[in-house]
Amino acid sequence: MIAVIDYKAGNLTSVMKALNFLGAETLVTQTPQIVRAASKVVLPGVGHFQATHLLTDLGLTEAVRESVAKGAWFLGICVGLQWLFEGSTEAPGIAGLGHFVGMCERFPARVDGVELKSPHVGWNSLEQIRPDSRLLHGVKDGGFVYYTHSWRAPVVEATAAVTKYGEPFTAVVERENVMGVQFHPEKSSAVGLQVLRNFVEL
């Protein structure tokens, strides 16, 4: 069973529709006990990093830590990926899960003298840098996915794919059973469905 966490800021409807289309058994929840018992956990997200404070308030942050420690698969989407890091300059007082080292930062206004519009919205390509990625199995290098975000995660050792917007940022992060995607797989056509299928079939 896949526990899909509802923290009142996620794009639940479209994520659930995609997972159900793939035949996954899902349950939307805010209950720590359900998250601890699930074999897979998905944290969808849109909007401001500030909203993730509800995860701690509801006891879900600790539940995710325990779930991951027991070997459950975890997938963070958009802000859900950013939450896997130590935090974000979007909400300096709100801690992330801290599973990956580094802070998420806003896109700079200019890169090499060229103006960079923010938010980064629309289709952009994936550059795979980890051929062993389970999440990207069957996804061709250079495949296009859909983004809408103003903050980006740093490129770290666990980064499986990057997208370049001014500079490269983490598009996919993956270490053992913890994974995240900055793009919206539920809005990314065949590539996005393949990513979600890979997670469902783990």
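What counts, and where the lines are drawn
Residues numbered from 1 in each chain as written. Predicted model: local features only at pLDDT ≥ 70, side-chain atom pairs only at ≥ 80, totals over all residues. Heavy atoms only, no water. Helix = DSSP H or I, 4+ residues; strand = E, 2+ residues; numbered from the N terminus. Buried < 20%, exposed > 50% of the residue type's maximum accessible area, 1.4 Å probe, protein only. Salt bridge = Lys/Arg side-chain N within 4 Å of Asp/Glu carboxyl O. Phe/Tyr/Trp six-rings, centres within 6.5 Å; stacked < 30°, edge-to-face > 60°. Arc of directions from axis to C-beta. Contact = heavy atoms within 4.5 Å. Pairing = 2+ DSSP bridges.

Peer 1: Please give an account of unusual backbone geometry that cites residues and values.
Peer 2: Looking along the chain, the bond that leaves Ser118 and enters Pro119 is cis, with omega of 10 degrees. Note on placement: Pro119 falls in the loop between strand 8 (114-115) and strand 9 (120-125). With phi around 60 degrees, Cys78 is a residue other than glycine that occupies positive phi space. Residue classification places Cys78 among the buried positions, given a relative accessible area of 4%. In the Ramachandran plot, Glu176 falls in the positive-phi region, its phi being about 55 degrees despite a non-glycine side chain. Secondary-structure assignment places Glu176 in the loop between strand 14 (167-175) and strand 15 (178-181).

Peer 1: Can you break down the pattern of salt bridges residue by residue, with the values?
Peer 2: When their charged atoms lie close together, side chains carrying opposite charge are able to pair. One pass over the full model with this rule turns up 4 salt bridges. In this structure, Glu66 engages Arg36 in a salt bridge whose closest nitrogen and oxygen atoms are separated by 2.6 Å. One end of the pair, Glu66, is in helix 4 (residues 60-69); the other, Arg36, is in helix 2 (residues 32-37), and 30 residues separate them in sequence. Relative accessible area serves as the criterion here: at 32%, Glu66 is assigned to the partly exposed category.

Peer 1: Tell me about the packing of aromatic side chains, and please be specific about residues and values.
Peer 2: Overall, the coordinates contain 7 aromatic pairs when judged by the stated rule. For the pair Phe74 and Trp83, a centre-to-centre distance of 6.2 Å together with 40 degrees between the ring planes defines the contact as tilted. Assigned by exposure class, Phe74 and Trp83 land together as buried. Judged by centre distance (5.2 Å) and plane angle (85 degrees), the ring pair of Phe107 and Tyr165 falls under edge-to-face. On the criterion of sequence distance, the pair formed by Phe107 in the loop between strand 6 (103-106) and strand 7 (110-111) and Tyr165 in strand 13 (residues 159-165) is long-range, its members being 58 residues apart. The exposure classification of Phe107 matches that of Tyr165, with both residues buried. In this structure an aromatic cluster arises from ring pairing among Phe107, Tyr147, Tyr165, Phe169 and Phe183.

Peer 1: Kindly report on helix 1 (residues 12-21), identifying the contributing residues and their values.
Peer 2: The set of residues buried in helix 1 consists of Leu12, Val15, Met16, Ala18 and Leu19. In an axial view of helix 1, the angular spread of the buried residues amounts to 160 degrees, which keeps them on one side of the axis. Exposed residues pointing more than 90 degrees away from the buried face of helix 1 are listed as Thr13, Lys17 and Phe21. Looking at the buried positions of helix 1, the neighbouring elements they touch are strand 1 (2-5), strand 2 (26-29), strand 3 (40-43), strand 4 (73-77) and helix 6 (189-200). A positive phi of about 85 degrees marks Gly23, the residue just after helix 1.

Peer 1: Quick rundown of the sheet that holds strand 6? Include the residues and the values.
Peer 2: Strand order in this open sheet of 3 strands is 5-6-12, and the pairing throughout is mixed. Because the sheet does not close on itself, it has two edges, and the strands there are strand 5 (87-88) and strand 12 (151-152). The pairing of strand 5 with strand 6 spans 2 bridges and is classified as parallel. What sits directly across from Ser88, in strand 6, is Cys104.

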